[in-house]
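Chains, contacts and geometry: an overview
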Amino acid sequence: MKRRSEDGRKGKSWRGQKLSMEAFPGKALIRKIVDNDEVLDWYELNPQERFAESQKLWEIFDLFGGSYDVQPDTQSPFNIFKT
Amino acid sequence: MSSPIHRVLSTFLKHKVRALLMGGQACILYGGAEFSRNIDFAVMVSDEGLNSLKSALAELEAENIFVPPLSQEALMKGHACHFRCKGEGMRDLRIDVMGVMRAVSPFPELWERRVEIELPEIGGVPVMALADLVQAKKTQRDKDWHMLRQLIESDMYKSSNELSREKILFWFAECRTPELLVNLAAKYPALAGVALEKRPLLESAISGNAEETARLLKSEEDMEKELDWRHWQGLKAELEKWRHEKKHGMCNGVI
């Protein structure tokens, strides 16, 4: 049975018992650990918003003449191709 | 004009390619903060699957680059096939496809667990489920481990107050942030005990020792990197062989 959640994803429902997260200070703790407003703002977005933002980055990337070559990564097994 | 990523996703949907978005573009959707210059897919390795893939690649004027050429045999061995989109406005965008990945479930299972994400002007894009994407990201590259941490943090950050047992066990299994594991263990001690059977490092989280948990997380990461490195040794030898053959005209690298 597929579902569409509030953030636009469709997928299988989680089965089983629902547990309360009230006392788990995950969000506050993540704010403290990450300590980077841009990253936290990114976490707040839904997938559609993130996709839209990433598309804007492509426009800026193009504007400044960025290369679409994948960056060299010496740790990648594909580095032997020297892209 | 739509971006090359937009075009690739639309074209794959149009040709009904049995493919799951993974890699950096999927990480972006799940909350990873990354700018990825290529697009990666896990694909169904079958006659029908590769025929639809080839149709989509032809429309994108995608040329097979490097080695190996696209084939069921290469994909089933665990190789990636690489393409560059030569179509107008595609800016040589690279598409990478894989059929089999180390420690990742077979494609039919991945497909069953897929998440469809509705993207404006594109449609429902089949994306590898977060739990599977996490497995696929356990590579020898440092940057993938940074991404893994972000993916779980983002998942926790966005989660509602009502959580399933499965979700909490998933976090116990995959969270890479020591302080979060310690807090999670304090909140859900019974589930921490269950998760401990598969992830011994949780013992330090249960005892509230974030420093020791961090040390053990690094050991866990190093072990997975080593396994991935070993996995690729045989494949790299084969790639070198194919590259040599291609250089001497013994292998056609263009679809």
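A short tour of the structure in this document, coming up.

So, how was this worked out
Residues numbered from 1 in each chain as written. Chains lettered and ligands numbered in written order. Predicted model: local features only at pLDDT ≥ 70, side-chain atom pairs only at ≥ 80, totals over all residues. Heavy atoms only, no water. Helix = DSSP H or I, 4+ residues; strand = E, 2+ residues; numbered from the N terminus. Areas by Shrake-Rupley, 256 points an atom, 1.4 Å probe, with all protein chains shown as cover. Lys, Arg positive; Asp, Glu negative; His and termini not counted. Charge placed at Lys NZ, Arg CZ, Asp CG, Glu CD. Patch = residues over 30% accessible without salt bridge, like charges linked within 9 Å, V, L, I, M, F, W, Y side chains within 5 Å. Salt bridge = Lys/Arg side-chain N within 4 Å of Asp/Glu carboxyl O. Buried < 20%, exposed > 50% of the residue type's maximum accessible area, 1.4 Å probe, protein only. Core = buried A, V, L, I, M, F, W, Y, C linked by side-chain atoms within 4.5 Å. Contact = heavy atoms within 4.5 Å. Phe/Tyr/Trp six-rings, centres within 6.5 Å; stacked < 30°, edge-to-face > 60°. Lys NZ or Arg CZ within 6 Å of the ring centre and 35° of its normal. Pairing = 2+ DSSP bridges. Axes fitted to C-alpha atoms, helices over the stretch in contact; angles between N-to-C directions. Left-handed = near helix turned anticlockwise from the far one by under 90°. Arc of directions from axis to C-beta.

Regarding the overall build of chain B
The helix and strand tally for chain B stands at 12 helices and 8 strands. In terms of overall dimensions, chain B has C-alpha extents of about 60 × 45 × 30 Å along its principal axes. Entry remark: accessible area of chain B is about 10800 Å², with carbon and sulfur atoms responsible for 51%. Side-chain charges of chain B comprise 35 positive and 38 negative groups, with the mean position of each set lying 3 Å from the other.

Digging into a nonpolar patch on the surface
All names here are of chain A. Side chains of Leu-57, Ile-60, Leu-63 and Phe-64 sit close together on the surface and give an oily, nonpolar patch of about 470 Å² of accessible area. Summarising the element assignment, Leu-63 is placed in helix H3 (residues 47-63). Since its relative accessible area comes to 71%, Leu-63 is described here as exposed.

Describing the nonpolar core
Residues and elements named next belong to chain B. The biggest cluster of nonpolar side chains holds 89 residues, and the ones touching the most others in it are Val-8, Leu-9, Phe-12, Phe-41, Ile-95, Val-97 and Phe-172. It is helix H7 (residues 142-158) that provides the largest number of residues to this core, a total of 7 residues. If near-sequence neighbours (up to four positions away) are discounted, Val-97 is found in contact with Phe-41, Val-43, Leu-53, Leu-70, Leu-75, His-79, Ala-80, Cys-81 and Phe-83.

Remarks on the packing of aromatic side chains
Taken as a whole, this structure holds 4 aromatic pairs over all chains when the rule is applied. Look at A:Tyr43 and B:Tyr157: their rings are 5.9 Å apart centre to centre, the planes differ by 55°, and that puts the pair in the tilted class. Of this pair, A:Tyr43 sits in helix H2 (residues 37-44) while B:Tyr157 is found in helix H7, placing the two residues in two different chains. The pair formed by A:Tyr43 and B:Tyr157 is uniform in burial state, with each residue classed as buried. Above the plane of the ring of B:Tyr157 lies A:Lys27, whose end atom (NZ or CZ) is 4.9 Å from the centre.

Remarks on a negative patch on the surface
Taken together, the side chains of A:Asp35, A:Asp37, A:Glu38 and A:Asp41 present a region of like negative charge at the surface. We classify A:Glu38 as exposed; its relative accessible area is 66%.

Observations regarding the side chain of B:His6
Following the sequence through the fold, B:His6 ends up in helix H1 (residues 4-14). Assessed through its relative accessible area of 13%, B:His6 is described here as buried. Not counting residues within four places of it along the chain, the set of residues in contact with B:His6 comprises A:Gln55, B:Pro120, B:Glu121 and B:Ile122.

A word on the pattern of salt bridges
All names here are of chain B. One pass over the full model with this rule turns up 26 salt bridges over all chains. When the shortest N-O distance is used, the salt bridge between Glu-245 and Lys-241 registers 3.5 Å. Of the two residues, Glu-245 and Lys-241 are both situated in helix H12 (residues 210-247); the distance of 4 residues between them amounts to about one turn of the helix. Here Glu-245 falls in the buried class, since its relative accessible area comes to 19%.

A word on the pairing of strand S7 (residues 123-127) of chain B
Residues and elements named next belong to chain B. Counting buried residues along S7, 5 of its 5 residues qualify, which places the element largely inside the surrounding structure. Note that strand S6 (residues 115-119) and S7 share 5 bridges and pair antiparallel. Opposite Val-115, over in S7, you have Val-127 as the bridge partner. If you look at the hairpin formed by S6 and S7, you'll find 3 residues sitting between the two strands, and Glu-121 has a positive phi there, around 65°.

Re the packing of H2(A) against H7(B)
Where H2(A) contacts H7(B), the two axes come as close as 9 Å, and the packing angle between them is 60°. Crossing angle aside, the handedness with which H2(A) passes H7(B) is right-handed. Contact with H2(A), carried on its side by A:Val39, A:Leu40, A:Tyr43 and A:Glu44, involves B:Gln150, B:Glu153, B:Ser154, B:Tyr157 and B:Lys158 of H7(B) and no other residues of that element.

What about helix H10 (residues 189-196) of chain B?
All names here are of chain B. Regarding H10, the residues found buried are Leu-191, Ala-192 and Ala-195. Looking down the long axis of H10, one finds its buried residues gathered within 105° of arc, a one-sided arrangement. In H10, the exposed positions angled more than 90 degrees off the buried face are occupied by Pro-189 and Ala-190.

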